[in-house]
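Summary of the model geometry
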Amino acid sequence: MDMLPEADALLLVRTDFSDQERWQAVRDSLGDTDEDGWIEEFSDQVEVVEDPAYQGLTSQQLLALLPDGYKDPILVIADKVTIDSQEMPFLVIELEFKWEMRVIPSELPAIHANLSIGNMDFGEFAESADADGVFRGFRS
């Protein structure tokens, strides 16, 4: 199995290829992409990996494929749950402690930004996830 690509950005890896139309809806939920597959809405760019070679891989298998120089604090996976759920929650893995939680697309930029600058830690978001384990934002 090939290593994930080297990138100076957040990697979002697609592991479910069952429904192209739903995948397009997932992509659209993140904002526009340029011709190279980079998400234009994030201030810290995101690279989407859409290689069928990664189909069905688990989070642990994908973590083993991260390149040595990967600097981002998280890895994002678009798996079967992402594709099948109306809310399209990504599986987000915090890399230092290997913590996982689901995150709806609209919350991903804030999590990424706050973790990247050390403003918050992953646990603060995870503690605010709903009972089903999905982070939908902070409730007032």
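As a reminder, the structure under discussion sits directly above these lines.
Okay, so let's go over this structure. Given the structure is predicted, the values throughout are model-derived calculations rather than measurements.

A separate point is the overall build of the protein. What the protein contains, in helices and strands, is five helices and six strands. Along the chain direction, N to C, the helices and strands of the protein fall in the order β-α-β-α-β-α-β-β-α-α-β. The burial tally for the protein puts 48% of its 140 residues in the buried class. Within the protein, counting contacts between residues at least 6 apart in sequence, those at least 24 apart form 56% of the total. Total accessible area computed for the protein in this model is approximately 7400 Å², and 45% of it derives from carbon and sulfur atoms.

Looking now at the pattern of salt bridges. Tallied over the entire structure, the rule returns eight salt bridges. One salt bridge connects R14 with E50, and the closest N-O pair in it is separated by 3.5 Å. Pair noted here: R14 is in strand β1 (residues 10-14) and E50 is in the loop between β2 (46-49) and α2 (59-63), with a separation of 36 residues, a long-range link. The class for E50 is partly exposed, based on a relative accessible area of 36%. With a shortest N-O distance of 2.7 Å, R102 and D79 are connected by a salt bridge. With R102 in strand β5 (residues 99-103) and D79 in the loop between β3 (74-78) and α3 (80-84), the pair connects residues that are 23 residues apart, well separated along the chain. Classification of R102 as buried rests on a relative accessible area of 15%.

Procedures and definitions
- The numbering scheme is per chain: residues are counted from 1 as the chain's sequence reads.
- In keeping with the model being predicted, local features are shown solely for residues with a pLDDT of at least 70 and side-chain atom pairs are shown and tallied solely at 80 or more, while totals for entire chains, interfaces and linings include all residues.
- Excluding hydrogens and water, the side-chain figures rest on all heavy atoms present in the structure.
- Secondary structure elements follow DSSP: runs of H or I no shorter than four residues count as helices, runs of E no shorter than two count as strands, and numbering proceeds from the N terminus.
- Throughout, exposure labels follow a simple rule: accessible area from a 1.4 Å probe, protein chains only, divided by the maximum for the residue type, with under 20% read as buried, over 50% as exposed, and the rest as partly exposed.
- Residue contacts are counted whenever heavy atoms from the two residues lie within 4.5 Å of one another.
- Surface exposure here means Shrake-Rupley accessible area, sampled with a 1.4 Å probe, where a residue is shielded only by the protein chains that are shown.
- Between Lys or Arg on one side and Asp or Glu on the other, a salt bridge is scored when a side-chain nitrogen of the former is within 4 Å of a carboxyl oxygen of the latter.

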